[in-house]
Amino acid sequence: GDSVTQKEGLVTLTEGLPVMLNCTYQTIYSNAFLFWYVHYLNESPRLLLKSSTDNKRTEHQGFHATLHKSSSSFHLQKSSAQLSDSALYYCALNNNNAPRFGAGTKLSVKP
Amino acid sequence: NAGVIQTPRHKVTGKGQEATLWCEPISGHSAVFWYRQTIVQGLEFLTYFRNQAPIDDSGMPKERFSAQMPNQSHSTLKIQSTQPQDSAVYLCASSSRDWGQDTQYFGPGTRLLVL
């Protein structure tokens, strides 16, 4: 079945350093949509960015990700971490079946 | 647009009691999803509805969990004979279409604590 893997449970960074959160997925479908949701403390999870186009960079709010179907990856990146980026980040896969979420990566940005 | 509404926001039950969680999706959205969020498992899919019909409940623990959507304005998740391991945040989400590319809009969640 479909699955999403986020190998890092916790990423701790110093403010100003680059961010990279890993996401890989498995699916038999070629038309998969990949999403990154962000969950700030005391708020609801919300969409950060999404893509279904192979090798096309998608950007939003300073974050970017590129879907690479050849490696089944959709890593989330940011050039410079900010304190306000501290949150829980979920990678998710939709392909007309039930959505599958990764276990989540908690990003903690320190001064 | 009020967003997805979930009630109650917090619920405490004793072991063996029943818990019913409510979700009101965004008006006009045709798909409703239920998830369970824990530190260990992350965001687990439970079940979803399309136009009020149950489509996939593959994530639901079969014996004690059930979900319904009696009308387009609300869905319920019922847990019978609650156990301490059911303690989690239960999230409801809705989307305007059923197919894969649509964004899900999450509610604030119901934090369930089973003593």
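Before any of the text, the structure's been laid out above.
Residues numbered from 1 in each chain as written. Chains lettered and ligands numbered in written order. Predicted model: local features only at pLDDT ≥ 70, side-chain atom pairs only at ≥ 80, totals over all residues. Heavy atoms only, no water.

J.: Which residues make up the nonpolar core, and what values go with them?
T.: Counting residues in each nonpolar core, the largest one holds 26 residues, and the members touching the most others are L34, W36, L48, L49, F74, L76 and Y89 of chain A. Ranked by residues supplied to this core, first place goes to strand β10 (residues 87-94) of chain A with four residues. Apart from the residues within four sequence positions on either side, L76 of chain A is in contact with V19, M20, L21, W36, L48, L49, F63, H64, A65 and Y89 of chain A. Core analysis: the second largest hydrophobic core is formed by 19 residues, I26, M60, M69 and A88 of chain B among them. (Core = buried A, V, L, I, M, F, W, Y, C linked by side-chain atoms within 4.5 Å. Buried < 20%, exposed > 50% of the residue type's maximum accessible area, 1.4 Å probe, protein only. Helix = DSSP H or I, 4+ residues; strand = E, 2+ residues; numbered from the N terminus. Contact = heavy atoms within 4.5 Å.)

J.: Which residues make up the sheet that holds strand β7 (residues 57-60) of chain A, and what are the values?
T.: Residues and elements named next belong to chain A. As summarised here, the arrangement of the four strands in space is β3-β9-β8-β7, forming an open sheet in which the pairing is antiparallel. In the strand order of this sheet, the two ends are held by β3 (19-21) and β7, each with one partner. Sheet twist, expressed as the average angle between the axes of neighbouring strands with direction ignored, equals 20°. Bridge count for β7 against strand β8 (residues 63-66) is four bridges, and the pairing is antiparallel. In the sheet register, R57 faces β8, and the bridge partner there is T66. (Pairing = 2+ DSSP bridges. Axes fitted to C-alpha atoms, helices over the stretch in contact; angles between N-to-C directions.)

J.: Describe in detail the state of the cysteines, supporting the description with residues and values.
T.: The tally for this structure, following the rule as stated, stands at two disulfides over all chains. With its sulfur 1.9 Å from that of its partner, C23 of chain A forms a disulfide with C91 of chain A. With the S-S bond torsion at -65°, the cross-link from C23 of chain A to C91 of chain A turns out left-handed. Here C23 of chain A is found in the loop between β3 and β4 (24-26), whereas its partner C91 of chain A is found in strand β10, with 68 residues between them in sequence. Per residue, the accessibility class of C23 of chain A equals that of C91 of chain A, and both read buried. A disulfide bridge connects C23 of chain B with C92 of chain B, and the sulfur atoms are separated by 1.8 Å. Judged by the torsion about the S-S bond (-65°), the C23 of chain B/C92 of chain B disulfide is left-handed. Placement of C23 of chain B in strand β3 (residues 19-24) and of C92 of chain B in strand β9 (residues 88-95) is noted, with a sequence separation of 69 residues between them. (Disulfide = S-S within 2.5 Å.)

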